[in-house]
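Overview (structure and organization)
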Amino acid sequence: GAGVSQSPSNKVTEKGKDVELRCDPISGHTALYWYRQRLGQGLEFLIYFQGNSAPDKSGLPSDRFSAERTGESVSTLTIQRTQQEDSAVYLCASSEAGARGYEQYFGPGTRLTVT
Amino acid sequence: AQKVTQAQTEISVVEKEDVTLDCVYETRDTTYYLFWYKQPPSGELVFLIRRNSFDEQNEISGRYSWNFQKSTSSFNFTITASQVVDSAVYFCALPFNNAGNMLTFGGGTRLMVKP
């Protein structure tokens, strides 16, 4: 079946502009996660959605970052007034449920470059 | 706090050599899960294994094996008879709280297998 998809695959934007990154999780997966991976580093958790519960936003680095999810489908990560330090690969993952231990399936990521 | 340390940032081996990737973790939880993911040059993370802290039996899957030692908080990964296709960045991870499955990742180990 289809895996997690993300769009765009690459995004170049000027400092100060807003960007929207999209994630389509695997159908039927109730949990969705956003991570950020800076060049040569591990992944940092950003935000987590589980079904219709309030999202866990504890990983968002600043109030310029926000995310939405419509039910158990598409999610959008928005970065306002982008800064150069926002340059990274943004990875989305989904899992069947949000309980600990469920395997997360990752998308190919969106590479964001802020000039 | 939950923490994952992968002390080896880069390892280079010649094809057919065996190689072990180290992972040391810190957790305040009495029960927990540990994961290994592979990130090939294409960028998409691939799930390799999930280990429940209840189960300390070592696991083997083809050329891959994992050694879980609760006493030393380690979950090391060995590739036997390495192949060029094993070249990738490998990440060790564990959920960072009981509220969900959000993962904290180690910094990753870049493995280069030369022909």
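Data block above holds the structure.
Since the model is a prediction, treat every value here as computed from it, not as a measurement.

**What about the interface of chain A and chain B?**
- Taken together, the 21 residues of chain A in the interface contact 24 residues of chain B.
- Between chain A and chain B the total buried area reaches about 1800 Å² when both faces are included, carbon and sulfur atoms providing 54% of it.
- Ranking the residues of chain A by area buried against chain B places Arg 100, Gly 101 and Phe 106 of chain A at the top, with a combined share of 37%.
- Counting the contacts that link chain A with chain B gives 0 salt bridges.
- Counting across the chain A and chain B interface gives 5 residue pairs in polar contact (both at pLDDT 80 or more).
- Elements with a contribution of two residues or more to the side of chain A that touches chain B: strand E4 (31-37), strand E5 (43-50) and strand E8 (88-95) of chain A.
- Residue composition of the side of chain A that touches chain B, by class: 10 nonpolar, 8 polar and 3 charged.

**Digging into the pairing of strand E5 (residues 33-39) of chain B**
All names here are of chain B.
- Across the 7 residues that make up E5, a large majority, 6, are buried.
- Across 6 bridges, the pairing between E5 and strand E6 (residues 46-52) is antiparallel. In the sheet register, Leu 34 faces E6, and the bridge partner there is Arg 51.
- Two successive antiparallel strands, E5 and E6, enclose a turn made up of 6 residues, where Gly 43 displays a positive phi of approximately 105 degrees.

**What about the environment of Glu 17 of chain B?**
Residue and element names in this part refer to chain B.
- Within the element layout of this structure, Glu 17 appears in the loop between strand E2 (10-14) and strand E3 (19-21).
- Residue classification places Glu 17 among the partly exposed residues on the basis of a relative accessible area of 37%.
- Sequence-wise, Glu 17 and Ala 7 are 10 residues apart; in three dimensions their C-alpha atoms are separated by 20 Å.
- Excluding its chain neighbours within four sequence positions, the residues that come into contact with Glu 17 are Ile 79, Thr 80, Ala 81 and Ser 82.

What counts and how
Residues numbered from 1 in each chain as written. Chains lettered and ligands numbered in written order. Predicted model: local features only at pLDDT ≥ 70, side-chain atom pairs only at ≥ 80, totals over all residues. Heavy atoms only, no water. Contact = heavy atoms within 4.5 Å. Buried area = accessible area lost by both parts, 1.4 Å probe. Salt bridge = Lys/Arg side-chain N within 4 Å of Asp/Glu carboxyl O. Polar contact = N/O pair within 3.5 Å; in protein donor to acceptor, adjacent residues only side chain to side chain. Helix = DSSP H or I, 4+ residues; strand = E, 2+ residues; numbered from the N terminus. Nonpolar A, V, L, I, M, F, W, Y, C, P; charged D, E, K, R; others polar. Buried < 20%, exposed > 50% of the residue type's maximum accessible area, 1.4 Å probe, protein only. Pairing = 2+ DSSP bridges.

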